[in-house]
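Examining the three-dimensional arrangement
Chain by chain, the residues:
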Amino acid sequence: ETGVTQTPRHLVMGMTNKKSLKCEQHLGHNAMYWYKQSAKKPLELMFVYNFKEQTENNSVPSRFSPECPNSSHLFLHLHTLQPEDSALYLCASSQESGRAPYEQYFGPGTRLTVT
Amino acid sequence: LAKTTQPISMDSYEGQEVNITCSHNNIATNDYITWYQQFPSQGPRFIIQGYKTKVTNEVASLFIPADRKSSTLSLPRVSLSDTAVYYCLVGDIHTGFQKLVFGTGTRLLVSP
């Protein structure tokens, strides 16, 4: 599945580092999402962008900063993270068509480890 | 958003039909029911979506009773590669995109 790509696939960073996760979708979709999946926990929705506008911020700490320069690209900027932020970060996109099915296409994720 | 309840795990054998039931007692009029599949260290993959009655595609069937308070995902003749976590979600489609809330899912193990 190459519709939604994420880079890097693995990232190890110290608590004082600044890094960014990148997501790109090649499906012509208008909505993009960031999810966090910690070990043995359900996926948590973090942010939603619809036509480049942020429409959802699910009480995410400010050390996570999203950016959506256009409908095809989504970034998650990370700074001064904590070890408990180690998780699989998933990007997804969907077509804002107003017609079912409303399926989201997920990328492979970035496995983040904070040391 | 309606809360969903599904079994934590299920076991099956190759070639059998698997039915996973999800309870969503507080489903709203505008909510659609969607099922996703997730393999370890991968993003979830859409399986099927429905509003009422029965929906079938090349992968699965989705049965929704008239009261819509539950739904059943049916996987015909499972294989080892169907071992995964299956998530049932309900969400409002009014906004044109679906804000999904994932539960803990059902871990399906298919054995030879």
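Up top you'll find the structure we're talking about.
Here we summarise the structure given alongside this text. (Residues numbered from 1 in each chain as written. Chains lettered and ligands numbered in written order. Predicted model: local features only at pLDDT ≥ 70, side-chain atom pairs only at ≥ 80, totals over all residues. Heavy atoms only, no water.)

Looking now at the pattern of salt bridges. Residue and element names in this part refer to chain A. Tallied over the full model, the rule gives one salt bridge over all chains. In this structure, arginine 63 and aspartate 85 form a salt bridge, with 2.7 Å as the shortest nitrogen-oxygen distance. With a gap of 22 residues between them, arginine 63 in the loop between strand S6 (53-57) and strand S7 (64-70) and aspartate 85 in the loop between strand S8 (73-79) and strand S9 (87-94) connect regions that are remote in the sequence. Taking the relative accessible area as the measure of exposure, aspartate 85 reaches 2% and is therefore buried. (Salt bridge = Lys/Arg side-chain N within 4 Å of Asp/Glu carboxyl O. Helix = DSSP H or I, 4+ residues; strand = E, 2+ residues; numbered from the N terminus. Buried < 20%, exposed > 50% of the residue type's maximum accessible area, 1.4 Å probe, protein only.)

Structurally, arginine 77 of chain B is set in the loop between strand S7 (70-75) and strand S8 (84-92). Residues in contact with arginine 77 of chain B, not counting those within four places in the same chain, are Gly15, Gln16, Glu17 and Asp82 of chain B. (Contact = heavy atoms within 4.5 Å.)

A word on the side chain of arginine 68 of chain B. Residue and element names in this part refer to chain B. Considering the arrangement of structural elements, one finds arginine 68 in the loop between strand S6 (61-64) and S7. Nearest to the buried, unbridged arginine 68 among oppositely charged side chains is aspartate 31, at 5.9 Å. Here the side chain of arginine 68 touches alanine 28 through a polar contact of 2.8 Å, landing on its backbone oxygen. (Lys, Arg positive; Asp, Glu negative; His and termini not counted. Polar contact = N/O pair within 3.5 Å; in protein donor to acceptor, adjacent residues only side chain to side chain.)

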